[in-house]
Amino acid sequence: MADTKREIERKYESDESGLPDLTGVAGVKAVIDKGVMSLDAVYYDTADERLAAAALTLRRRTGGSDAGWHLKVPVAPGVRDEIREPLSDTVPDTLAALVRSRVREAELLPAVRLRSDRDVRHLMDAQGKLLAEVSVDAVHAERLTEGGGTAQWTEIEVELADDGDPAFLDQVEKRLRKAGVRPSSSASKLARALQETARTAGSGKSGSGKSGSKKKRKASTSAPQDPVTAGDHVLAYARAQRDAILELDPAVRQDAYDSVHRMRVATRRLRSAFRSYGKVLDRTVTDPVGEELKWLAGELGADRDREVVTERLATVLGELPPDLISGPIRTRLDTWANARHGGSRSRLIGVLDSPRYLALLDTLDRVIAEPPLLKDAAGKPEKVIGKAVGKDFGKVSALVEEAIGTPPGADRDLALHEARKKAKRTRYAAEAATPALGAPARALAKSMKALTSLLGEHQDSVMVRVTLRELSAVAHAAGESSFTYGVLYGREEQRAAGVETALPEAWEGIVAERSVQV
């Protein structure tokens with residue numbers, strides 16, 4: 001298992017004057033000189049620099065205390081997770097897997113070499129605890145691809161100590177700014193190296209550390225423009241969901257909390273956008289993509305129902321008085337909950353490594369880059385998008401009314417489940433419409449979220465009751481008491497009945513609110 005370290009740091013421009021005196025920073029008792037170390041790092045990327053475009057850095061570094069392979073994944077501005085593996089001659093399989101959704105079938109090649117002389121200071125508090133590490137890095141960059149140039153500069157880097165208070169970095173920055181030091185205009189050494197070595201490659205000259213530290217570097221202008229037409233708005237939403245899938249891929253592979261659920265939601269949002277906005281994007285093109293998204297959502301959600309049922313049963317068991325619990329029901333539940341978990345993780349990683357998944361990502365890229373726009377895509381978003389959202393709401397309305405009018409039982413359970421699925425799709429359509437329609441769409445998305453949650457309570461109860469019947473049968477066959485299973489089953493019936501009782505009034509409120517918005 002690779003070692004992961006949360007890195008919180010800030011970078012600053014530096015000139016020949018070096019590091020200002022930091023003894024006056026609030027909370028700092030001592031500044032300890034740790035000497036100079038030489039670092040040598042080779043950064044890897046595809047020929048078209050896909051990792052750099054996603055703000056990912058993959059390097060092999062020697063020198064210093066953490067020599068090895070490092071993959072840095074952005075978490076927030078100034079915050080990255082650094083995933084480490086020991087030194088080896090080739091990219092470790094673990095790190096290659098974490099960038100596979102970006103790299104796909106392309107080859108990872110040496111792109112840039114950075115050699116740095118790092119002059120390190122430790123900022124310590126009165127108890128001798130490390131607050132932050134501050135370094136002055138004299139960097140020499142060399143682009144390793146054909147026609148590449150070189151550049152050199154000096155920068156100051158301030159990295160917060162493990163478990164440190166991020167507010168401390170504000171104190172350091174205040175002192176640096178007072179001394180005339182300004183934040184770097186590049187997010188990372190690699191980003192600056194790629195920019196400056198490309199510049200010098202064209203001129204045949206090496207970059208200057210002095211001039212490089214003073215000049216302003218132009219910010220990237222590759223971000224999509226603000227949406228204007230209906231097609232612009234739909235594509236902006238689709239692009240955001242595609243990006244979410246790509247960004248969550250490494251987290252899913254690492255089994256990060258809630259990552260599978262969030263990635264599944266992104267696939268559902270994207271599929272819903274294709275279906276809801278069929279007058280904007282040609283469904284003869286997007287429907288096959290939607291089927292692949294449905295497949296992916298199914299694979300991601302293979303264990304989701306089991307997780308939901310497990311959480312619910314653990315909660316209600318904790319609420320039962322001890323005298324209503326009979327037999328080894330907790331052990332039985334734990335066994336059921338943990339069944340297939342290890343195998344399912346392996347299966348899910350297999351899905352993310354599969355040609356089918358990688359082909360889906362390629363297809364999504366093509367749809368975003370060359371969208372199959374229809375005539376309505378050029379229309380006014382208020383009209384085109386508003387009509388699509390209204391149509392979805394009409395379908396929800398019909399399904400809810402049908403469910404309310406169906407007698408209690410299996411048929412009503414199914415009708416309520418179908419209404420829930422349509423409400424979720426309408427919620428996503430309203431989310432996509434919010435930038436264009438504003439408050440009405442935002443209010444509809446909120447209403448559909450509330451409706452989905454209410455109907456989700458009902459569906460969860462249906463799933464829990466199915467599981468209780470199965471577990472009760474197994475317990476009975478093993479000679480165990482099935483009394484508690486019956487108690488829990490009765491409570492779940494009451495839970496579902498409560499939702500069914502509350503639904504008509506809740507729905508009337510949603511309809512009334514919708515009529516006011518229209």
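Rules behind the numbers
Residues numbered from 1 in each chain as written. Predicted model: local features only at pLDDT ≥ 70, side-chain atom pairs only at ≥ 80, totals over all residues. Heavy atoms only, no water. Helix = DSSP H or I, 4+ residues; strand = E, 2+ residues; numbered from the N terminus. Areas by Shrake-Rupley, 256 points an atom, 1.4 Å probe, with all protein chains shown as cover. Lys, Arg positive; Asp, Glu negative; His and termini not counted. Charge placed at Lys NZ, Arg CZ, Asp CG, Glu CD. Axes fitted to C-alpha atoms, helices over the stretch in contact; angles between N-to-C directions. Parallel < 35°, antiparallel > 145°, perpendicular 65-115°, else oblique. Contact = heavy atoms within 4.5 Å. Nonpolar A, V, L, I, M, F, W, Y, C, P; charged D, E, K, R; others polar. Pairing = 2+ DSSP bridges. Buried < 20%, exposed > 50% of the residue type's maximum accessible area, 1.4 Å probe, protein only. Salt bridge = Lys/Arg side-chain N within 4 Å of Asp/Glu carboxyl O. 1 Å grid on protein atoms, 1.4 Å probe; cavity = no way out; pocket = protein on both sides within 12 Å on 5 of 7 lines; lining within 4 Å. Points joined across faces, edges and corners; volume = space filled by probe spheres on them.

Caption draft 1: Just the overall build of the protein, in detail. Each helix and strand counted, the protein has 17 helices and eight strands in total. Approximately 25,800 Å² of the protein is accessible, and the part contributed by carbon and sulfur atoms is 52%. Of note, the protein has its 80 positive side-chain charges centred 4 Å away from the centre of its 78 negative side-chain charges.

Caption draft 2: Molecular detail of the packing of helix α10 (residues 304-319) against helix α16 (residues 439-477). Taken N-terminus to C-terminus, the directions of α10 and α16 make an angle of 85 degrees; their axes are 10 Å apart at the nearest point. Taken together, the axes of α10 and α16 lie roughly perpendicular to each other. Of the residues in α16, those in contact with D305, V308, V309, R312 and L313 of α10 are D460, M463, V464, T467 and L468. Looking at the contact of α10 with α16 residue by residue, the classes come out as six nonpolar, one polar and three charged.

Caption draft 3: Representation of the sheet that holds strand β2 (residues 30-45). Overall, antiparallel pairing links the eight strands, which are arranged β1-β5-β4-β3-β2-β6-β7-β8 in a closed barrel. Averaged over all pairs of adjacent strands, the angle between strand axes in this sheet comes to 35 degrees, irrespective of strand direction. Bridge count for strand β7 (residues 130-143) against strand β8 (residues 150-160) is 11 bridges, and the pairing is antiparallel. Bridge assignment links D137 to a residue of β8, and that residue is E155. Against the sheet, helix α4 (residues 167-178) touches β1 (3-13), β6 (109-124), β7 and β8, its axis set at about 20 degrees to β1.

Caption draft 4: Representation of unusual backbone geometry. Within the chain, D163 stands out as a residue other than glycine whose phi angle is a positive 65 degrees. Within the secondary structure layout, D163 lies in the loop between β8 and α4. Although it is not a glycine, D258 sits at a positive phi angle of roughly 65 degrees. Under the relative-accessibility criterion, D258 is labelled partly exposed at 31%.

Caption draft 5: Structural context of the pattern of salt bridges. Summed over the entire model, instances satisfying the criterion amount to 50 salt bridges. With a closest N to O distance of 2.7 Å, R104 and D362 form a salt bridge. One end of the pair, R104, is in the loop between α3 (100-103) and β6; the other, D362, is in helix α13 (residues 355-369), and 258 residues separate them in sequence. On the basis of relative accessible area, R104 is assigned to the buried category, the value being 12%. Residue classification places D362 among the partly exposed positions, given a relative accessible area of 30%. Among the salt bridges present, the one from E292 reaches R356, with a minimum N-O distance of 2.8 Å. With a gap of 64 residues between them, E292 in helix α9 (residues 283-300) and R356 in helix α13 connect regions that are remote in the sequence.

Caption draft 6: Geometry of empty space enclosed by the protein. A full pass over the atoms with the stated rule returns one cavity of 30 Å³ or more. Considering only enclosed or pocket space, the largest cavity measures out at about 40 Å³ in volume. Lining the largest cavity, in full, are L313, L317, I329, R332, L333, L468, L471, Y485 and L488. Where the lining of the largest cavity is concerned, the elements lending two or more residues are α10, α11 (329-338), α16 and α17 (483-517). Each residue belonging to the lining of the largest cavity can be placed in one class, and the counts come to eight nonpolar, no polar and one charged.

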